[in-house]
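# Survey of secondary and tertiary structure
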Amino acid sequence: MSDPAHPGARPADGYAGDLTPQQAWDLLADDPDATLVDVRTDGEWRTIGVPDTSSLGRRPVFSEWVRAGGRPNPAFLEELKAAGVTHGPVVFLCRSGQRSIGAARLATASGITPSYNVLDGFEGAPGADGVRDQRGWKVAGLPWSQGPASEGDA
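Residues numbered from 1 in each chain as written. Predicted model: local features only at pLDDT ≥ 70, side-chain atom pairs only at ≥ 80, totals over all residues. Heavy atoms only, no water.

Tracing the chain through its elements places Glu64 in the loop between strand E4 (61-62) and helix H3 (76-82). In this structure Glu64 comes out as buried when scored by relative accessible area, which is 11%. Engagement of the side chain of Glu64 in a polar contact is seen with the side chain of Arg67, the distance being 2.7 Å. Glu64 has contacts with Val39, Arg40, Thr41, Asp42, Trp45, Asn73, Phe76 and Glu79, leaving out every residue within four places of it along the chain. (Helix = DSSP H or I, 4+ residues; strand = E, 2+ residues; numbered from the N terminus. Buried < 20%, exposed > 50% of the residue type's maximum accessible area, 1.4 Å probe, protein only. Polar contact = N/O pair within 3.5 Å; in protein donor to acceptor, adjacent residues only side chain to side chain. Contact = heavy atoms within 4.5 Å.)

Shown next as structure tokens:
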């Protein structure tokens, strides 16, 4: 399934499609109803950093797709709804663009559409040297900040 409203999205099965980090930023900048949802763990937000959408006049939503240790978050959809995420467009972001696929599929199946996945996530997959500095939100030069998410975001 791909989203004809965003022809730049790479077609995907079960959600609106995959966007590059820049395409995701452009969608967030162009559509005041678009929401960024960071689905990484609290530990990742605190140690790796978080996307910064403050220049767009809004903040990302932080909801763990899985808890530390890989346990699924059974309250994921309830957390989205509590944060006001009831319709799209929604852009889901994780560390490397894998967990966010599951989040986009679940959101789509729950009627939150269109839902997108950010290719390569916040940091991308590790390069040959094991360092995550090849692709992703940070490497694309998109706004981010170091440190924990603000209280009330998670």
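The next subject is the pattern of salt bridges. Inspection of the entire model under this criterion finds 7 salt bridges. Across the salt bridge formed by Glu79 and Arg67, the nearest N and O atoms sit 3.2 Å from each other. Pair noted here: Glu79 is in helix H3 and Arg67 is in the loop between E4 and H3, with a separation of 12 residues, a long-range link. For Glu79, a relative accessible area of 24% puts it in the partly exposed group. The salt bridge involving Glu123 is made with Arg95; its shortest N-O contact spans 2.6 Å. With Glu123 in the loop between strand E6 (115-118) and strand E7 (144-145) and Arg95 in the loop between strand E5 (90-93) and helix H4 (99-109), the pair connects residues that are 28 residues apart, well separated along the chain. On the accessibility criterion, Arg95 (26% relative accessible area) is partly exposed. Salt bridges sharing partners connect three or more residues here, namely Glu64, Arg67 and Glu79. (Salt bridge = Lys/Arg side-chain N within 4 Å of Asp/Glu carboxyl O.)

Below, the discussion takes up the nonpolar core. Core analysis: the biggest nonpolar cluster contains 19 residues, and Val37, Val39, Phe76, Leu80, Val85, Phe92 and Ile112 have the highest contact counts within it. The dominant element in this core, judged by the number of residues it contributes, is H4, at 4 residues. Beyond its immediate chain neighbours, meaning those up to four positions away, Val85 contacts Thr35, Val37, Val61, Leu80, Val90 and Ile112. Counting 17 residues, the second largest nonpolar core, distinct from the first, contains Trp25, Ala34, Leu36 and Val118. (Core = buried A, V, L, I, M, F, W, Y, C linked by side-chain atoms within 4.5 Å.)

For the coordinates displayed, the defined rule picks out 5 aromatic pairs. Judged by centre distance (5.2 Å) and plane angle (75 degrees), the ring pair of Trp45 and Phe62 falls under edge-to-face. Separated by 17 residues along the polypeptide, Trp45 in helix H2 (residues 42-48) and Phe62 in strand E4 bring together distant segments of the chain. Through a chain of ring-to-ring contacts, the aromatic side chains of Trp65, Phe76 and Phe92 assemble into a single cluster. One Lys or Arg, Arg40, reaches over the ring of Phe122 and ends 4.2 Å from the middle of that ring. Here Lys138 stacks its cationic end above the ring of Trp144, 4.1 Å away from the centre of that ring. (Phe/Tyr/Trp six-rings, centres within 6.5 Å; stacked < 30°, edge-to-face > 60°. Lys NZ or Arg CZ within 6 Å of the ring centre and 35° of its normal.)

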